[in-house]
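Examination of the molecular architecture
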Amino acid sequence: MQPVRTICVVTGSRAEYGLLYWLLKGIADNPRMDLRLLVTGTHLSPEFGLTVRQIEADGFVPDARIDMLISSDTPVGIAKSIGLGVIGFADALDRLRPDLLVVLGDRFEILAAAQAAMVLRIPIAHIHGGELTEGLIDEAIRHSLTKMAQLHFVSAEPYRQRVIQLGEAPDRVWTIGAPGLDTIRHQTLLDRRALSESIGFDLDHPYFLVTYHPVTLAREGKAAGIAALLAALNEFPEHRVLITGVNADTGSAPIRAAIAAFSTANSGRVHASVSLGQQRYLSALSHADAVIGNSSSGLIEAPSFKIPTVNIGARQRGRIRAATVIDTDETAAAIVAGIRQALSPDFRAGLADAISPFGDGHATGRMLEILANHSLDGLLMKRFWDLAP
C-alpha cells in the first residue's frame, strides 16, 4: 500500500489563496495525502488586511508562518524580503520535510520558498507556469520557478508548449486549466444587496470593479498609470467604483496613497477595500458593468462571467485573451475609450458567446490525481528536454 504523502503548499497573498482553496481542501480531505500549509507575505501584514485570519476561519491551520515582508516597497526592500523569506522557508521546510512542495504563480514570496526547497532537495510542483506578463519581474520569476520545479500544472495548451520549450519533459507537464475557474464553479455568490451590506457600500447602482498593481519593469514611474486611470473613472460619474487592494510590489505605496485620496475625495461614489476575500470579490465581479485595471483576474476569471475587461498597459502583456478583453494604453484618453467600448451595446452583445481560454473549472481534481499518484522516484534528477531541430 502506498504510504501517505506529505504535501506542503505555500500561500503568500489573498488572490493566490483564493486560487488554492479547493486544492488545499482536496488535499486535506484525501486520506492518501497529509497537508502542510506555509503562510507568508501579505497574509501576515496588518497593512494588507492580515488575511491569515481568513485562512484560519476557513478551517486551515498554518504549520508555519514565514514573516518576510519588511516595511519598504523599494527594489532594495523587496530584495531583502526575498532573503528573509529564504531563511524562514529553509527552517520551516527542514522541520517539515514534505514529500512535495506545491507553489502557484510568479511572486517573489514564492521564489523564496522554491529556492529553499531546491537546495533542500524537496521536489516542487508549480501551478500557472509558461505564461507571459512582460511588464513585470514576475515574468522572470515564473520561468525561474519552472526550472526549479519537477511537476508542472499549466492553465492552457500554449503554456504547456512553452514549459516544454524551457526544457521540461512533456510527461511532467499537464494542461489542467486555471484553478480560479474551480472557485467560480464551487462558490455561492452574494446578490447585490447582500454584497452591499457585507462591504458597507451601496452597489445597487451601475459600478466598475477596479484593481491596479505596479508595473514593476516600467522604466519611469511604476505607478504612473494610476493617475490616468483615476482621471478616466471621473469621466463616468454615473458609475460607482469599487477598488480592491494593491499587491506588495515595488512601487505599491504611491498607488495605495492615490487610491486612498481618490476614495476620500469621492466618498459615496468610490469605495476602496484592502481585501474583499474570494466570495465578495467574485460576487462583485459578477455584478460589475466592467472590470478595469491590470490584474490577471480580468483575463482569467472575468471572461467566465461574460464581463468585459478594460486591461490597462503592459502588466498582462503576453497572456492569452478571451474576446471580453479590451486592451488600452496607460493614458486617460485611451482608458476612457476602452470603458466606452466595454459599455457599448454592440460590444456587450457579443459577450454571451465569449469562451474562456483557461479551462472548464475542473483543474483541482486533475491536480489531486497527479499529486496522489505520480511516482516520486527519481523526480529530482531532471534531464533538459531538447526540442527537435
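Look a little higher up for the structure.
Report follows, based on the coordinates. (Residues numbered from 1 in each chain as written. Predicted model: local features only at pLDDT ≥ 70, side-chain atom pairs only at ≥ 80, totals over all residues. Heavy atoms only, no water.)

1. Quick word on the overall build of the chain
- Scanning the chain from terminus to terminus reveals 15 helices and 13 strands.
- Overall size of the chain, expressed as C-alpha extent along the three principal axes, is 60 × 45 × 40 Å.
- A burial count over the chain gives 57% of its 389 residues as buried.
- Excluding contacts between residues fewer than 6 apart, the proportion of contacts in the chain whose partners are at least 24 apart in sequence is 70%.
- By element, 54% of the accessible surface of the chain is carried by carbon and sulfur atoms, the whole surface being about 15800 Å².
- With 36 positive and 41 negative side-chain charges, the chain shows a spacing of 2 Å between the two charge centroids. (Helix = DSSP H or I, 4+ residues; strand = E, 2+ residues; numbered from the N terminus. Buried < 20%, exposed > 50% of the residue type's maximum accessible area, 1.4 Å probe, protein only. Contact = heavy atoms within 4.5 Å. Areas by Shrake-Rupley, 256 points an atom, 1.4 Å probe, with all protein chains shown as cover. Lys, Arg positive; Asp, Glu negative; His and termini not counted. Charge placed at Lys NZ, Arg CZ, Asp CG, Glu CD.)

2. Points about the sheet that holds strand β12 (residues 309-312)
- Pairing in this open sheet of six strands is parallel, and the strands run β10-β9-β8-β11-β12-β13 from one edge to the other. Each having just a single partner strand, β10 (270-272) and β13 (325-328) make up the two edges of the open sheet. Strand-to-strand twist across the sheet, computed as the mean angle between neighbouring axes with direction ignored, equals 20°.
- Sheet topology places β12 next to β13; four bridges connect them, and they run parallel. Within the sheet, the bridge partner assigned to Thr309 lies in β13 and is Val325.
- Helix α11 (residues 278-287) rests against β8 (207-211), β9 (240-243) and β11 (290-293) of the sheet, and its axis sits at about 135° to β8.
- Helix α13 (residues 332-343) rests against β8, β11, β12 and β13 of the sheet, and its axis sits at about 165° to β13. (Pairing = 2+ DSSP bridges. Axes fitted to C-alpha atoms, helices over the stretch in contact; angles between N-to-C directions.)

3. Re the layout of surface pockets
- The volume enclosed by the second largest pocket comes to roughly 230 Å³.
- Taken together, the elements giving at least two residues each to the lining of the second largest pocket come down to α3 (75-96) and α10 (252-265).
- Ranked by the residues each element gives to the lining of the second largest pocket, the list is headed by α10, at three residues.
- Classifying every residue of the lining of the second largest pocket gives eight nonpolar, six polar and five charged. (1 Å grid on protein atoms, 1.4 Å probe; cavity = no way out; pocket = protein on both sides within 12 Å on 5 of 7 lines; lining within 4 Å. Points joined across faces, edges and corners; volume = space filled by probe spheres on them. Nonpolar A, V, L, I, M, F, W, Y, C, P; charged D, E, K, R; others polar.)

4. Description of the pairing of β8
- Counting buried positions over the five residues of β8 gives five, a clear majority of the element.
- Here β8 shows no split at all, with Tyr207, Leu209 and Thr211 on one side and Phe208 and Val210 on the other all buried.
- Where β8 and β11 come together, four bridges link them in parallel fashion. Within the sheet, the bridge partner assigned to Val210 lies in β11 and is Ile292.

5. Section: the nonpolar core
- Val9, Leu23, Ile27 and Leu371 are the most contacted members of the largest nonpolar core, which has 32 residues in total.
- Residue assignment for this core shows that the elements contributing at least two residues are β1 (5-11), α1 (14-29), β2 (33-40), α2 (52-57), β4 (100-104), β5 (124-127), β6 (151-154) and α15 (363-373).
- When residues in this core are grouped by element, the largest group, seven residues, is from α1.
- Each residue touching Leu23, except ones within four places of it in the same chain, is listed here: Val102, Ile127, Thr364, Met367, Leu368 and Leu371. (Core = buried A, V, L, I, M, F, W, Y, C linked by side-chain atoms within 4.5 Å.)

6. Things to note about the sheet that holds β2
- Spatial ordering of the open sheet is given by β3-β2-β1-β4-β5-β6-β7, a layout of seven strands whose pairing is parallel. The open sheet is flanked by β3 (64-66) and β7 (173-175), the only strands paired with a single partner. Within the sheet, the average angular offset between the axes of one strand and its neighbour, ignoring direction, is 20°.
- Judged from the three bridges that link them, β6 and β7 form a sheet pairing that is parallel. If you follow Phe153 over to β7, its bridge partner there is Trp174.
- Contacting β6 and β7, helix α6 (residues 157-165) crosses the sheet at an angle of about 170° to β7.

7. Brief notes about the pattern of salt bridges
- Scanning the entire structure with this criterion turns up 15 salt bridges.
- For the salt bridge of Lys25 with Asp29, the shortest nitrogen-to-oxygen distance reads 3.1 Å. A residue pair is termed a helical-turn pair when its members lie 3 or 4 positions apart in one helix, as Lys25 and Asp29 do in helix α1 at four residues.
- Classification of Asp29 as exposed rests on a relative accessible area of 53%.
- With a shortest N-O distance of 2.6 Å, Arg142 and Asp106 are connected by a salt bridge. Residue Arg142 is found in helix α5 (residues 138-148), and its partner Asp106 is found in the loop between β4 and α4 (108-119); the two are separated by 36 residues along the sequence. (Salt bridge = Lys/Arg side-chain N within 4 Å of Asp/Glu carboxyl O.)

8. Re the packing of aromatic side chains
- Applying the stated rule across the entire model yields six aromatic pairs.
- Centre to centre, the rings of Tyr17 and Phe60 are 6.5 Å apart; their planes meet at 85°, and the pair counts as edge-to-face. Here Phe60 lies in the loop between α2 and β3 and Tyr17 lies in helix α1, a separation of 43 residues in the sequence. Residue Tyr17 shares its accessibility class with Phe60, and that shared class is buried.
- Among the aromatic residues, those joined into a cluster by ring pairs are Tyr17, Tyr21, Trp22 and Phe60.
- The ring centre of Phe201 lies 5.8 Å from the NZ or CZ of Arg240, which sits over that ring. (Phe/Tyr/Trp six-rings, centres within 6.5 Å; stacked < 30°, edge-to-face > 60°. Lys NZ or Arg CZ within 6 Å of the ring centre and 35° of its normal.)

Note that every value here comes from positions in space, so none of it alone points to a role or purpose.
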